[in-house]
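Commentary on secondary and tertiary structure
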Amino acid sequence: QEVIPRASNALTYAKKIHNCYSDSQHDKQAAPKSLQLLKQMVNSLEERPHQLEPDMWIFNTVLLIWARSGRADSGQVAEEILDMMKLFGRNRSPSEFPYPNDQSYTFVI
């Protein structure tokens, strides 16, 4: 399990997730790694709420990685990510957090 240093911010996670996307064509572990990183971000929000907030790009990139993965469990994981997005956006206004969006659902389809 990869652990990101405590001093990391959302940009560090975004770069790691982008690396998973770049590696996703030849690395079978790219999809699970991207989900792990996203979950680390979301779980760290209580400690550092404004430093680790995932944005639409991060959520949608993880969805795209899973859509490209060809894994048997990709549909189930995509639903989990969409649920995470909805839960994350529950206490925010739609203009602040309009997720999931059309692109999110397109990746899932």
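Figured I'd write up the structure that's included with this text. Along each chain, residues carry numbers from 1 onward, in the same order as the chain's sequence is written. The model is predicted, so local features are restricted to residues of pLDDT at least 70 and side-chain atom pairs to those at 80 or more, both for listing and for counting; the totals for chains, interfaces and linings are taken over all residues. Values shown for side chains rest on all heavy atoms present in the structure; no hydrogens or waters enter the calculation.

As for the pattern of salt bridges
By definition here, a salt bridge exists when the distance from a side-chain nitrogen of Lys or Arg to a carboxyl oxygen of Asp or Glu is within 4 Å. The full count for this structure, using the stated rule, is three salt bridges. The salt bridge partner of Lys 33 is Asp 27, with a shortest N-O separation of 3.2 Å. For Arg 71, the salt bridge is made with Asp 73, and the minimal N-O distance between the two is 3.2 Å. Accessible area is worked out with a 1.4 Å probe on protein chains only. A residue is then buried under 20% of its type maximum, exposed over 50%, and partly exposed in between. Looking at Arg 71, the relative accessible area reads 29%, which means it is partly exposed. Here Asp 73 falls in the partly exposed class, since its relative accessible area comes to 27%.

Quick notes on the side chain of Thr 61
We count a stretch as a helix when DSSP gives it H or I for four or more residues in a row; a strand needs E for two or more, and each element gets its number in order from the N terminus. Within the fold, Thr 61 resides in helix H3 (residues 56–69). Assessed through its relative accessible area of 10%, Thr 61 is described here as buried. Here a polar contact is recorded for every N or O atom pair within 3.5 Å, except that within protein the pair must consist of a potential hydrogen donor and a potential acceptor, and residues adjacent in sequence are included only if both atoms are side-chain atoms. Within the structure, the side chain of Thr 61 is placed 2.6 Å from the backbone oxygen of Trp 57, a separation counted as a polar contact. In this structure, Thr 61 is in contact with Ile 17 and Tyr 21, ignoring residues within four places of it in sequence. When checking whether two residues touch, look at their non-hydrogen atoms; a contact exists if any pair is within 4.5 Å.

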